[in-house]
Amino acid sequence: MDITVKFLGSNDAVPDVDNDTVSFVINDRTLVDTGWCAVHNLRRNGIDPLEIDHLLFTHFHQDHYLSLPSLLFYWVMNGKNLEGLRILGPAAEVHQVVKRTVDFLQLERFFPHLSEPIVIPIEAGDTYEYGDVKLSTCASKHTVPALCYKYTHKPSGKQISFTGDTAWHPPIVEHVKGSSLLIHEASMGTQEVAPDNPYAHSSAMDAVRVAEAAGVDKLCLVHARTAYIDDSLKRARQLFSKEVFWPRAGQEVHV
Ligand SMILES: [Zn+2]
Ligand SMILES: [Zn+2]
C-alpha cells in the first residue's frame, strides 16, 4: 500500500450531519481542501492536525476552505510555527485567501512570535515535489480558477488524481491517465448537463466519461448531496465496467 486516502467528507457545499463537504488526507500528511470542520474531522479519524505538512486547495469556494482559520488557529494554540504548513492553491487567489485568514485570526497581534504559513502559488500545468511525492496539475473548468491534481508516489510510481469542482473538460482526461484512482466530482447527480452549464459542475455520467477515457482502475464520486448518491452510483455502475464508489466519512482507500 503506497498511497492511502482517508476521506473526511464527501458532500457538496453544505455538510450532512455525519458527512462533511469533500475533503481527504493522503498518506496522513497531505490534506486536500478543508471542508467545514477540518480539525474535528482529522482528530476523530486519528490524524494529528499538527502533522499535516501540505494543504492543497483545488479552488477557493467557501465549502473547500471554510475551516482554514480553525486549522491555523489549532496550530498556533499548540505553539507551532505555521511555516511548517505549506499551502498550495490556484496562483490567482491563494495568497489573498491566506492573508485574509491570517488577518482574521489577528496572528500578528496575538501570536507575533509565531511564523506564518508558506504559500505556494500553483498555475495550471505546474509541477511541485516534496518528500516522495510529485504533484502535477491541469486546469479544471469551474467558475473560479481551479486545479485538477495528479499525485504520484515517486518510489512506486503509483498515481491518484482528483478534479476538484469542474464541468466536463477534455484536457482532464489526458492529465489523469495512469491513475489507479480518480476522485471526481458529481454534483449534478444523474442530470445531463452541458459542459458550459452555469454551475460548472459535472454529472455522474461526466465523471464516468473521464474515468473510462483515461482508463483509471477505480472511480470515486464526491461532491453531491446525499439525496443524489444512490441514483448516481447506480447510473455510474451501469456505464463503468470497473469499481465505482461513494466514500463515507472515515473511509480509507489503499492504492
Ligand atoms: Zn464545491
Ligand atoms: Zn466550487
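In the block above lies the structure referred to throughout.
Residues numbered from 1 in each chain as written. Chains lettered and ligands numbered in written order. Predicted model: local features only at pLDDT ≥ 70, side-chain atom pairs only at ≥ 80, totals over all residues. Heavy atoms only, no water.

(A) How the structure looks around the coordination of the zinc ion (ligand 2). Protein coordination of the zinc ion (ligand 2) is provided by His59 (NE2), His61 (ND1), His142 (NE2) and Asp165 (OD), with donor distances spanning 2.2 to 2.3 Å. Here the zinc ion (ligand 2) binds four donor atoms, and the angle range of 89 to 168° at the metal identifies the geometry as irregular. For the zinc ion (ligand 2), all donor residues lie on one chain, and their spacing in sequence is H-x1-H-x80-H-x22-D. For the pair the zinc ion (ligand 2) and the zinc ion (ligand 1), the metal-to-metal distance amounts to 3.4 Å, and aspartate 165 bridges them. Taken together, the residues histidine 142 in the loop between strand S9 (133–139) and strand S10 (147–153) and aspartate 165 in the loop between strand S11 (158–162) and helix H6 (170–176) connect sequence positions 23 residues apart. Among the residues examined, aspartate 165 registers a relative accessible area of 3% and is labelled buried. (Donors = N, O, S within 2.8 Å, 3.2 Å for Na, K, Ca; no water. Tetrahedral: all angles 85-135°; square planar, octahedral: opposite > 155°, others 65-115°. Helix = DSSP H or I, 4+ residues; strand = E, 2+ residues; numbered from the N terminus. Buried < 20%, exposed > 50% of the residue type's maximum accessible area, 1.4 Å probe, protein only.)

(B) Summary view of the pairing of S11. Among the five residues in S11, four count as buried, and that is most of the element. Here S10 pairs with S11 via five bridges, running antiparallel. Within S11, the residue paired with histidine 153 across the bridge is lysine 158. Connecting the antiparallel pair S10 and S11 is a turn made up of four residues, with glycine 157 showing a positive phi of about 80°. (Pairing = 2+ DSSP bridges.)

(C) Representation of helix H7 (residues 204–214) within the structure. The element H7 is largely enclosed, with a buried count of eight among its eleven residues. Of the positions making up H7, those classed as buried are Ala204, Met205, Asp206, Ala207, Val208, Val210, Ala211 and Ala214. Elements in contact with the buried residues of H7: H6, strand S12 (181–185), strand S13 (218–222) and helix H8 (226–239). A positive backbone phi angle near 70° is found at glycine 215, which sits one or two residues after H7. (Contact = heavy atoms within 4.5 Å.)

(D) Summary view of the nonpolar core. Counting residues in each nonpolar core, the largest one holds 31 residues, and the members touching the most others are Leu31, Leu42, Leu55 and Ile87. Counting only elements with at least two residues in this core, the list comes to helix H1 (38–44), helix H3 (68–77) and helix H4 (94–104). Per element, the largest residue contribution to this core is six residues, and it comes from H3. Counting residues in each nonpolar core, the second largest holds 27 residues, with Ile3, Val32, Val133 and Val255 among its members. (Core = buried A, V, L, I, M, F, W, Y, C linked by side-chain atoms within 4.5 Å.)

(E) Representation of the coordination of the zinc ion (ligand 1). The zinc ion (ligand 1) binds to the protein through Asp63 (OD), His64 (NE2), Asp165 (OD) and His223 (NE2); the donor distances cover 2.1 to 2.3 Å. Because the angles between the four donor atoms bound to the zinc ion (ligand 1) fall within 88 to 173°, the donor set is best described as irregular. The sequence motif formed by the donor residues of the zinc ion (ligand 1) is D-H-x100-D-x57-H.

(F) Local environment of empty space enclosed by the protein. The full count for this structure, using the stated rule, is one cavity of 30 Å³ or more. The space that makes up the largest cavity amounts to roughly 100 Å³. Looking at the largest cavity, it is lined by 16 residues, and the ones nearest its centre are Val22, Phe24, Asp33, Gly164 and Val222. Elements supplying a minimum of two residues to the lining of the largest cavity: strand S3 (23–26) and S12. (1 Å grid on protein atoms, 1.4 Å probe; cavity = no way out; pocket = protein on both sides within 12 Å on 5 of 7 lines; lining within 4 Å. Points joined across faces, edges and corners; volume = space filled by probe spheres on them.)

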